[in-house]
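Observations on the three-dimensional arrangement
Read off the chains here:
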Amino acid sequence: MHNDINKKTILLVEDDDAIADALIYAMQREGWQVQWFSLGLPALGYLQQHQVDFIVLDVGLPDCNGFDLCRQIRQSIQTPLLFLTARNEEVERIIGLEIGADDYCAKPFSPREIISRIRVIWRRSAPVASATTSSIVNTSASTVWACDAEKMQISYYGQQLSLTRYEYRLLEVLLKHPERVWSRAQLMQAAWENPDHSVERTIDTHIKSLRHKLNVINEQEIIITHRGVGYSLRKI
Ligand code: CA
């Protein structure tokens, strides 16, 4: 496969030919390259050998479950990922975001909607432009953190973090109030659009993933666990 390196490449995993055709057509019109797989496992194999710019993943695949595939992908690959699913069930949306997807789209959808969501996610994870970067509130002298609220981007020790939407929101909340101890319910209230306290364990999953991303850059323990209470951010 001779890819044009200047073109964005989308990995599409979708077993419904008609949906795949419509998406491929719309994506190619944007000037993007599409690698289409109708099965999950060959797509995983491809990802282990090639870099792509975006992953669009159907949840219901003939050979595996899209959620399981996403978990496997996320063990080593942080490429932005959007789920497609036949059912617009809240539980599926939560599972999808919990295991590291950046967004979720329920069928039926228009290809235009998928295109615009991909663009939004790319904008969120694009490199920080220094002119628009502002230091976070309450960390005036700190060069450790930089937050661009408009682009939903946060840098840590000068390196931009690749965050999912909820990881970004959680970290933004923690950064605005360093050293404050938050309960899971408070964090969910502050960071979620539609807080649902029955899924507070979601917070733990996102904190775990955030810690991993921060530790790649610096090994210090920055998010502190308060046993039986919640979490706080160490002031640095
Ligand atoms: Ca399917």
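Note: the structure precedes this text.
First things first, this report covers the structure right here in the doc. (Residues numbered from 1 in each chain as written. Predicted model: local features only at pLDDT ≥ 70, side-chain atom pairs only at ≥ 80, totals over all residues. Heavy atoms only, no water.)

A negative phi angle characterises most non-glycine residues, just as the trans form characterises most peptide bonds. With an omega of 0°, the peptide bond between K107 and P108 qualifies as cis. Summarising the element assignment, P108 is placed in the loop between β5 (103-106) and α5 (111-125). The phi angle at M152 is positive, at roughly 55°, despite the residue not being glycine. Positive phi, close to 75°, is recorded for E179, a residue that is not glycine. Position of E179 relative to the elements: it lies in the loop between α6 (165-176) and β9 (182-183). Looking at E179, the relative accessible area reads 52%, which means it is exposed. (Helix = DSSP H or I, 4+ residues; strand = E, 2+ residues; numbered from the N terminus. Buried < 20%, exposed > 50% of the residue type's maximum accessible area, 1.4 Å probe, protein only.)

Let us now look at the coordination of the calcium ion. Distances from the calcium ion to its protein donors, namely D15 (OD), D58 (OD) and G60 (O), fall within the range 2.2 to 2.3 Å. Spacing between the donor residues of the calcium ion along their common chain follows D-x42-D-x1-G. In this pair, D15 sits in the loop between β1 (9-13) and α1 (17-29) while D58 sits in strand β3 (residues 54-58), placing the two residues 43 residues apart along the sequence. The exposure class of D15 is partly exposed, given its relative accessible area of 31%. Residue class for D58 comes out buried when judged on its relative accessible area of 3%. (Donors = N, O, S within 2.8 Å, 3.2 Å for Na, K, Ca; no water.)

This part takes up the nonpolar core. Residues W145, I154, L171 and I223 are the most contacted members of the largest nonpolar core, which totals 28 residues. Secondary-structure elements contributing two or more residues to this core are β6 (145-148), β7 (153-156), α6, α7 (184-191), α8 (201-217) and β11 (230-233). When residues in this core are grouped by element, the largest group, seven residues, is from α6. In contact with I223, not counting residues within four places along its chain, are L174, I207, L210, R211, L214, Y231, S232 and L233. Counting residues in each nonpolar core, the second largest holds 24 residues, with L11, C70, I73 and Y104 among its members. (Core = buried A, V, L, I, M, F, W, Y, C linked by side-chain atoms within 4.5 Å. Contact = heavy atoms within 4.5 Å.)

With that out of the way, let us pick up the packing of aromatic side chains. According to the stated counting rule, one finds seven aromatic pairs in the structure shown. Ring geometry for Y156 against Y157: centres 4.8 Å apart, planes inclined by 65°, an arrangement best described as edge-to-face. Assessed through its relative accessible area of 0%, Y156 is described here as buried. When the centroid spacing of 4.5 Å and the interplanar angle of 20° are considered together, the rings of Y166 and W192 count as stacked. One end of the pair, Y166, is in helix α6; the other, W192, is in the loop between α7 and α8, and 26 residues separate them in sequence. Relative accessible area serves as the criterion here: at 4%, Y166 is assigned to the buried category. Lying across the ring of W122, K8 places its NZ or CZ 4.5 Å from the centre. Positioned over the ring face of W182 is R180, at 3.7 Å from the centre of the ring. (Phe/Tyr/Trp six-rings, centres within 6.5 Å; stacked < 30°, edge-to-face > 60°. Lys NZ or Arg CZ within 6 Å of the ring centre and 35° of its normal.)

Read across the sheet, three strands follow the order β9-β11-β10 without closing on themselves; strand pairing throughout is antiparallel. Since the sheet does not close on itself, it has two edges, and those belong to β9 and β10 (223-226), each with one partner. Two elements, β10 and β11, share four bridges in a ladder whose sense is antiparallel. For H226, the partnering residue across the bridge sits in β11 and is G230. Each of β9, β10 and β11 touches α6; the most contacted strand, β11, lies at about 65° to it. Sheet strands touched by α8: β10 and β11. Its angle to β10, the strand with the most contacts, is close to 145°. (Pairing = 2+ DSSP bridges. Axes fitted to C-alpha atoms, helices over the stretch in contact; angles between N-to-C directions.)

The next thing to look at is the sheet that holds β3. Read from one edge of the open sheet, five strands run β2-β1-β3-β4-β5, paired in parallel fashion. The two strands at the open ends of the sheet, each matched to only one other strand, are β2 (33-37) and β5. With direction set aside, neighbouring strand axes in the sheet form an average angle of 20°. With four bridges connecting them, strand β4 (residues 81-85) and β5 associate as parallel partners. Within β5, the residue paired with F83 across the bridge is Y104. Sitting on the sheet, α1 touches β1, β2, β3 and β4, and the angle it makes with β2 is about 165°.

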